[in-house]
Amino acid sequence: VEKVYETKEGRRIVALNKVTTSFKRGEFVAIVGKSGSGKSTLINILGGLDIPDAGDYFLEGNNIIKINEGQWDAIRNEKIGFIFQEYHLIEYLSVYKNVEIALKYQKGLNKKAREAKIRQILDEVGLIDHIHKTPGQLSGGQRQRVAIARALVKDPAIILADEPTGALDYKTSESVIELIKGLSKERLVIVVTHDRGIANNHATRIIELTEGQFTSDL
Ligand code: ADP
Ligand code: MG
């Protein structure tokens, strides 16, 4: 896969320089590298939030490089959960409603099953006593737990997280990573982090990006 951005001044920035790899279920992959090395570009392409300029993307055997936005919506809805550094919660909705939103397009779930599912995931992330609060009433770690619940409530096969602990202190980061890990067995988890400790202590695989290229994969 290759991705080139062009700045307003017409300068070409090679964000991903012909990288090739594959991921499988059960892996907990840490993507590490300096700021600007292409980590977010990679994770955004994996989640269909950005489109590469060249290459192929095989998802469960199908080349999805040329699919349209509607097809990407369907894939994300069914298979991919995102966790971002800034949480992206809706400030005026309760914790419960923030998680419920992820199930909006889920077919074949009646109201009761939906409610049970939301309560179960909020229990698993330790927020069952906070479901009526709004994000503003929560700590950073709790906010990220809401985002994790939202990403996981659809039961996606793939979790993509871009610096999920970037705004958290060390201790909270550890517990958030432990939580993602615990909830992610049987899934593919790809976490962008510049925290080497998180990568070394928790990942099953560490890929290092340097100026848009993979410089190690261990
Ligand atoms: P990282 O997440 O590792 O910090 P990014 O993937 O965000 O790196 O960025 C990789 C390179 O691509 C950087 O040089 C960045 O400035 C550039 N870049 C990213 N997005 C854009 C964009 N929308 N327009 C122009 N350049 C971009
Ligand atoms: Mg980034």
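Every chain's residues receive numbers from 1 upward, in the order its sequence appears when written. Written order determines the labels here, with chains lettered from A and ligands numbered from 1. Restriction of local features to residues with pLDDT of at least 70 applies here, the model being predicted, together with a cutoff of 80 or more for giving and counting side-chain atom pairs; totals for whole chains, interfaces and linings are based on all residues. The basis for the side-chain values is all heavy atoms of the structure; hydrogens and waters are excluded.

Undergrad: Got a minute to help me understand the pairing of strand β7 (residues 158–162) in this structure?
TA: Along any regular strand the residues' side chains alternate between the sheet's two faces. The buried fraction of β7 amounts to 5 of the 5 residues, a majority that puts the element mostly inside the structure. Burial classification: accessible surface area is computed with a 1.4 Å probe over protein chains only, and a residue below 20% of its type maximum counts as buried, one above 50% as exposed, and the rest as partly exposed. Each helix is a run of DSSP H or I of at least 4 residues and each strand a run of E of at least 2, with the numbering of both proceeding from the N terminus. Side chains I158, L160 and D162 of β7 all project onto a buried face; the interleaved residues I159 and A161 project onto the opposite face, where all are buried too. As judged from the 5 bridges shared by strand β6 (residues 80–84) and β7, these two strands associate in the parallel manner. When the sheet's bridge partners are listed, I83 is paired in β7 with A161. A pair of strands is treated as paired once DSSP finds two or more bridges between them. In this structure, β7 lies alongside strand β8 (residues 188–192), joined through 5 bridges in parallel fashion. Bridging across to β8, D162 finds its partner in V192. Assignment of crossover handedness uses the view with strands pointing away from the viewer, where a clockwise path from the first strand over the helix to the second indicates a right-handed crossover. Handedness of the β-α-β unit built from β7, helix α6 (residues 170–183) and β8 comes out right-handed.

Undergrad: Hey, could you run me through the side chain of E27 in this one?
TA: Inspection of the secondary structure puts E27 in the loop between β2 (12–16) and β3 (28–32). Since its relative accessible area comes to 12%, E27 is described here as buried. If sequence neighbours within four positions are ignored, E27 has contacts with S22, R187, L188, V189, T204 and R205. The contact criterion used throughout is that any non-hydrogen atoms of two residues lie within 4.5 Å.

Undergrad: I'm lost on the site of ligand 1 in this one. Help?
TA: What makes a residue near a molecule or strand is one non-hydrogen atom of that residue sitting within 4 Å of it. Taken together, the residues surrounding ligand 1 are Y5, I13, A15, K34, S35, G36, S37, G38, K39, S40 and T41. In this structure, an oxygen atom belonging to ligand 1 sits 2.7 Å away from a main-chain N or O atom of G36. The Shrake-Rupley method, run with a 1.4 Å probe sphere, supplies the accessible areas, and residue values consider only the shown protein chains as cover. Protein burial of ligand 1: of its 560 Å² of free accessible surface, 62% is covered by the chains. For the shell around ligand 1, the secondary-structure elements that each account for two or more residues are β2 and α1 (39–46). In the analysis that follows, any N or O atom pair within 3.5 Å is treated as a polar contact, provided that within protein one partner can donate a hydrogen and the other can accept it, and provided that, for residues neighboring in sequence, both atoms belong to side chains.

Undergrad: Explain the packing of aromatic side chains to me, please; I cannot follow it from the model alone.
TA: Aromatic ring pairs: the centre-centre distance and the angle between the two ring planes describe each pair. Centre distance within 6.5 Å is the pairing criterion for rings of Phe, Tyr and Trp, where only the six-membered ring of Trp is used; planes under 30 degrees apart are then read as stacked, over 60 as edge-to-face, and the remainder as tilted. Taken as a whole and assessed by the stated rule, the structure comprises 2 aromatic pairs. Ring plane angle 50° and centroid distance 6.0 Å describe the contact between Y57 and W72, whose orientation is recorded as tilted. One end of the pair, Y57, is in the loop between α1 and β4 (58–59); the other, W72, is in helix α2 (residues 69–79), and 15 residues separate them in sequence. Given the relative accessible area of 14%, Y57 is considered buried.

Undergrad: For this particular structure, what's the right way to read the packing of helix α5 (residues 140–152) against α6?
TA: Two quantities define a packed helix pair, namely the angle between the axes and the distance from one axis to the other. All axes are obtained by fitting lines to C-alpha atoms, using only the stretch in contact for helices, and the reported angles, taken between N-to-C directions, cover 0 to 180 degrees. One can describe the packing of α5 onto α6 by two numbers: an axis separation of 10 Å at closest approach and a directional angle of 15°. By the angle between their directions, the pair α5 and α6 is classed as roughly parallel. Here α5 runs over α6; the crossing is right-handed. Residue-level contacts link G141, Q144, R145, I148 and L152 of α5 to T172, S175, V176, L179, I180 and L183 of α6. Oblique is the label for any angle not covered by the other classes, which are roughly parallel (under 35 degrees), roughly antiparallel (over 145) and roughly perpendicular (65 to 115). Take the far helix as your reference; a near helix turned counterclockwise from it by less than a right angle gives a left-handed crossing, and one turned clockwise gives a right-handed crossing.

Undergrad: Please clarify how the sheet that holds β8 should be interpreted in this entry.
TA: Two pairing modes exist for strands in a sheet, parallel and antiparallel, and in both the strands are linked by backbone hydrogen bonds. Taken together, the 6 strands give an open sheet; going across it, the order is β6-β7-β8-β3-β9-β10, and neighbouring strands pair in mixed fashion. Since the sheet does not close on itself, it has two edges, and those belong to β6 and β10 (213–217), each with one partner. With direction set aside, neighbouring strand axes in the sheet form an average angle of 20°. Sitting on the sheet, α1 is in contact with β3, β6, β7, β8, β9 (205–210) and β10, with an inclination near 150° to β7. In the packing of α5 onto the sheet, contacts are made with β6 and β7, and the angle to β6 comes to roughly 165°.

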